[in-house]
Amino acid sequence: MHSLARLMGLAALVLATGAAAAESGQQQWSGIGQPATGPASVIGSPAAGCLKGAVPLAEDEHSFQVLRPSRNRHWGHPATIRFVGDLARATKGEGISGPLLIGDMAQPRGGPMPAGHGSHQNGLDVDIWFRLPAKPLSRAEIETPKPVSMVYGTEIDEDAWTPAQARLLELAARAPQVDRIFVNPAIKKAMCRAVPADGDRSWLRKLRPWWGHDEHFHVRLSCPADSPDCERQKPMPEGDGCGEELESWSARPTWPAPPSRPHHQSRPLPEACAGLFRKG
């Protein structure tokens, strides 16, 4: 029994040490204030990766605004930056009022964040809020923005969801560089209902149901051609995802989202990420 107790104690110590090391690593990545120099390159996956040659999203308050800039999570691969600008111009061209509100992207060199996300590590992810303000937010509002949920229970909130939000989401999903978009299952259901059966439903496949994502949608781009070390995502199921796959979410509590737990990096980062801790 004493031997078993010692083994259990040793196992607990190893787990605790590993968790502490993971948390320390996450803090180290968040403490790097500038990008790594050199040509832009995505390394690894969204949940275990990093980024070289990152570019900051420069705000254009009439087209889009960067939320909580003090967190320094507004960096991305140049393809991600271009995507945000193109989407903002497209929505403005269709008369959708107000600037787009851009949430978290990646840290200057990517890597794990100490809180808020398990992904967003390789510069290809960006959160875009569904809230469409009538005018640009003030500096104070940008640092403490108020999200607006589009969901109530298992359905969309008809008082919040409008054709403008639906069109914004469609424009994002139709962009060829977008690999997938995470949305609340209720929002996916609403989009499936809105598109005629004889219309073009191919882009609906990119909308992937997931917990939360009722106040924003999470865009993930495909690996760019300049990044051979970028890990591709697993292929999505065939079809538009509006059948059994979506129905399987009906019995799950998708809003409010289950309480989030602190993120501990479970997958090791690629070896190429180790060099990005160095200056330059």
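Note that this is a predicted model, so its numbers are computed, not measured. (Residues numbered from 1 in each chain as written. Predicted model: local features only at pLDDT ≥ 70, side-chain atom pairs only at ≥ 80, totals over all residues. Heavy atoms only, no water.)

**A closer look at the pattern of salt bridges**
- Applying the stated rule across the entire model yields 16 salt bridges.
- For the salt bridge of E170 with R174, the shortest nitrogen-to-oxygen distance reads 2.9 Å. Linking E170 with R174, this pair stays in helix α4 (residues 163–174), spanning four residues, or about one helical turn.
- Its salt-bridge partner being D179, residue R180 comes within 2.4 Å of it at the nearest N-O pair. (Salt bridge = Lys/Arg side-chain N within 4 Å of Asp/Glu carboxyl O. Helix = DSSP H or I, 4+ residues; strand = E, 2+ residues; numbered from the N terminus.)

**A few points about the side chain of Q121**
- Tracing the backbone shows Q121 in the loop between β6 (100–102) and β7 (125–129).
- Since its relative accessible area comes to 0%, Q121 is described here as buried.
- Among the polar contacts listed, one links the side chain of Q121 to the backbone oxygen of G118, at a separation of 3.1 Å. (Buried < 20%, exposed > 50% of the residue type's maximum accessible area, 1.4 Å probe, protein only. Polar contact = N/O pair within 3.5 Å; in protein donor to acceptor, adjacent residues only side chain to side chain.)

**As for unusual backbone geometry**
- Phi at N72 takes a positive value of approximately 55°, unusual for a residue other than glycine.
- Checked against the element boundaries, N72 lands in the loop between β4 (64–66) and β5 (75–76).
- Overall, N72 belongs to the partly exposed group, its relative accessible area being 22%.

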